[in-house]
Amino acid sequence: MSTLVSGQDAFIRVSGRQFLRNGQPYYFMGTNFWYGINLAASGAAGDRDRLIRELDRLQEMGVSNLRIVAGSEGPDSEPWRMSPALQPEKGRYNPNLLDGLDFLLSEMGKRGMYAVVCLNNFWPWSGGMAQYLVWETGGRIPYPPPAEGGDWGTYQEFTTGFYRNEAAMEAFDAHIRLLIGRQNPYTGRTYRDEPAIMAWELANEPRAVQEYEAYAAWIGRCASLIKTLDPNHLVTIGSEGRTSTKYAGTQFKKDHKIPGIDYSTIHIWVQNWEWFDPNRAQETYEDAVKKAIKYLKWHLKQSEALDMPMVLEEFGIGRDLDSYDPAAGTRVRDGYYEIMFSEVHRLAAAGRGVAGVNFWAWGGEGRPRAPKAVWQPGDDFTGDPPHEYQGWYSIYDRDASTIEVIRRYAQLLSALPAR
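As the structure is a computational prediction, the values presented were derived from the model and not from experiment.

A. The environment of Y396, seen in detail. Tracing the sequence through the fold places Y396 in strand β13 (residues 395–396). The spatial distance from the C-alpha of Y396 to the C-alpha of G366 is 7.3 Å, given a sequence separation of 30 residues. Ignoring anything within four residues of it in the chain, the contact list for Y396 reads R319, P326, W362, G363, G364, G366, R367, P368, G391 and I403.

B. Looking closely at the environment of W123. As for its placement among the helices and strands, W123 is situated in the loop between β6 (114–118) and α4 (128–137). The buried category is assigned to W123, whose relative accessible area is 9%. The spatial distance from the C-alpha of W123 to the C-alpha of E205 is 7.8 Å, given a sequence separation of 82 residues. Among all residues touching W123, those that are not within four sequence positions of it are W152, Y155, Q156, N204, E205 and R207.

C. Main features of the layout of surface pockets. Its boundaries defined by the atoms lining it, the largest pocket holds a volume of some 760 Å³. Along its surface, the largest pocket is lined by 26 residues, and W152, N272, H387, E388 and W392 are the ones closest to its centre. Here the lining of the largest pocket is built from residues that sort into 14 nonpolar, seven polar and five charged.

D. Inspection of the sheet that holds strand β2 (residues 18–21) at higher detail. One open sheet holds the three strands; their spatial order is β1-β2-β3, and the pairing between them is antiparallel. Every other strand in the sheet has two partners, leaving β1 (13–15) and β3 (24–25) as the edge strands with one partner each.

E. Spatial organisation of the sheet that holds strand β10 (residues 310–315). Pairing in this open sheet of eight strands is parallel, and the strands run β8-β7-β6-β5-β4-β11-β10-β9 from one edge to the other. Each of the sheet's edge strands pairs with one partner strand only, and the pair in question is β8 (234–236) and β9 (264–268). Neighbour-to-neighbour, the strand axes of this sheet turn through a mean angle of 25 degrees, independent of strand direction. Note that strand β4 (residues 28–32) and strand β5 (residues 65–69) share three bridges and pair parallel. Among the inter-strand pairings, T31 is bridged to a residue of β5, identified as L66. Sitting on the sheet, helix α9 (residues 281–305) is in contact with β9, β10 and β11 (354–359), with an inclination near 170 degrees to β9. Its contacts with the sheet put helix α10 (residues 331–349) on β4, β9, β10 and β11, and the angle it makes with β11 is roughly 160 degrees.

F. Region of the structure containing the packing of α10 against helix α11 (residues 400–414). At their nearest, the axes of α10 and α11 sit 9 Å apart, and the two run at 5 degrees to each other. Classed by the angle they form, the pair α10 and α11 counts as roughly parallel. Counting all contacts with α10, which are made through R333, D334, Y337, E338, F341, S342, V344 and H345, the residues of α11 involved are S401, T402, V405, I406, R408, Y409, L412 and L413. When grouped by side-chain class, the residues that make up the contact of α10 with α11 number eight nonpolar, four polar and four charged.

G. Region of the structure containing unusual backbone geometry. For the bond from G74 to P75, the omega torsion is 10 degrees, close enough to zero to count as cis. Mapping P75 onto the fold places it in the loop between β5 and α3 (95–110). In the Ramachandran plot, N22 falls in the positive-phi region, its phi being about 55 degrees despite a non-glycine side chain. Counting through the fold element by element, N22 comes out in the loop between β2 and β3. Residue N22 is classed as partly exposed on the basis of its relative accessible area, which comes to 47%. For V209, which is not glycine, the phi torsion reads 50 degrees and is therefore positive. With respect to the secondary-structure elements, V209 resides in the loop between β7 (197–201) and α7 (212–229). Take V209: its relative accessible area is 10%, and that puts it in the buried class.

H. Region of interest: empty space enclosed by the protein. Scanning all chains against the criterion turns up two cavities of 30 Å³ or more. By volume, the largest cavity amounts to about 70 Å³. With three residues, β5 is the largest single contributor of residues to the lining of the largest cavity. For the lining of the largest cavity, the class distribution of residues is six nonpolar, five polar and two charged.

Conventions we followed
Residues numbered from 1 in each chain as written. Predicted model: local features only at pLDDT ≥ 70, side-chain atom pairs only at ≥ 80, totals over all residues. Heavy atoms only, no water. Helix = DSSP H or I, 4+ residues; strand = E, 2+ residues; numbered from the N terminus. Contact = heavy atoms within 4.5 Å. Buried < 20%, exposed > 50% of the residue type's maximum accessible area, 1.4 Å probe, protein only. 1 Å grid on protein atoms, 1.4 Å probe; cavity = no way out; pocket = protein on both sides within 12 Å on 5 of 7 lines; lining within 4 Å. Points joined across faces, edges and corners; volume = space filled by probe spheres on them. Nonpolar A, V, L, I, M, F, W, Y, C, P; charged D, E, K, R; others polar. Pairing = 2+ DSSP bridges. Axes fitted to C-alpha atoms, helices over the stretch in contact; angles between N-to-C directions. Parallel < 35°, antiparallel > 145°, perpendicular 65-115°, else oblique.

Have a look at this one:
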């Protein structure tokens, strides 16, 4: 079992291609737990009893690293969003959600867990860059699907306007300052001095599209600001990598070479990128796995050239036959997890620069209102964000075979020796 995260030596450091904790190698099994702040919220908005149960389950499984959202923007009346939001209006914070973030970090620290704290989002399911932009420019966000007639390209081109809007970026800078300087009443420490935070992540999957220079300048701006305010914590971008298309405009090696970035991340989505068709699993699975491994290895080579660690911080696959029913089988998922965890472990054991993995995503005891339902306020939080049909990628507390795969590789990763 993990032990209490405390003391200056408990901060996660980087030494070349390796993470260190207390001077020893830190390899981890992690998950995405983006809704943790909402479960932890004080008052009727949250469910702290469930939060405690979920953290205890994850700890028992050996999951020691949680990627959490610490930047959700309102108004709460907008569709397909985390609700209630941490910042329902520009510069105004929901005190129950701030208290929730305090409580979440405190409880994670008690269990020896580390948080990757995601500060913004390129996608609209937490408000994110598009909401910061609209706060300054007025108008409405051109929502992508599931909005009727929504278009992903139109949304992305709109959202990259954030990188060129000084007022929107300053509003986000203010959010960074607020969190880094915040005093946590449960621990008595400022976030700047909180060892249970592993890293500040600039955003979830920021893309440049056709605004590379502005995008790269924004990365440098945020990294510099964080490092000036907080010398204790690591900084990462939140990158998917080069994705399945050049349209995203990211340049993996160049992006992570920007001063202030401490380690690299990648995301792999074999279904979203149409490498795998769950209704044609027999015909498409083997090739999808080959592409996923190739994607992992290509990015690892680039990251090693930068002499920094890399984390596979998002990957997942749906339930058998594309079912969204929590009772549906997970044979394909279990096999895919086995392969990806095994590859991460094999590479790490061979001295390569991959140091951890955060699977997508822990749904725990949450359940969809109905399979493939669209999330609404009052529904359980699961691993699937509000803009995605509920039941797609969630790992539930009763998915015994999947949990066994996770538990086994958590033990193997944590047992890896120094290189």
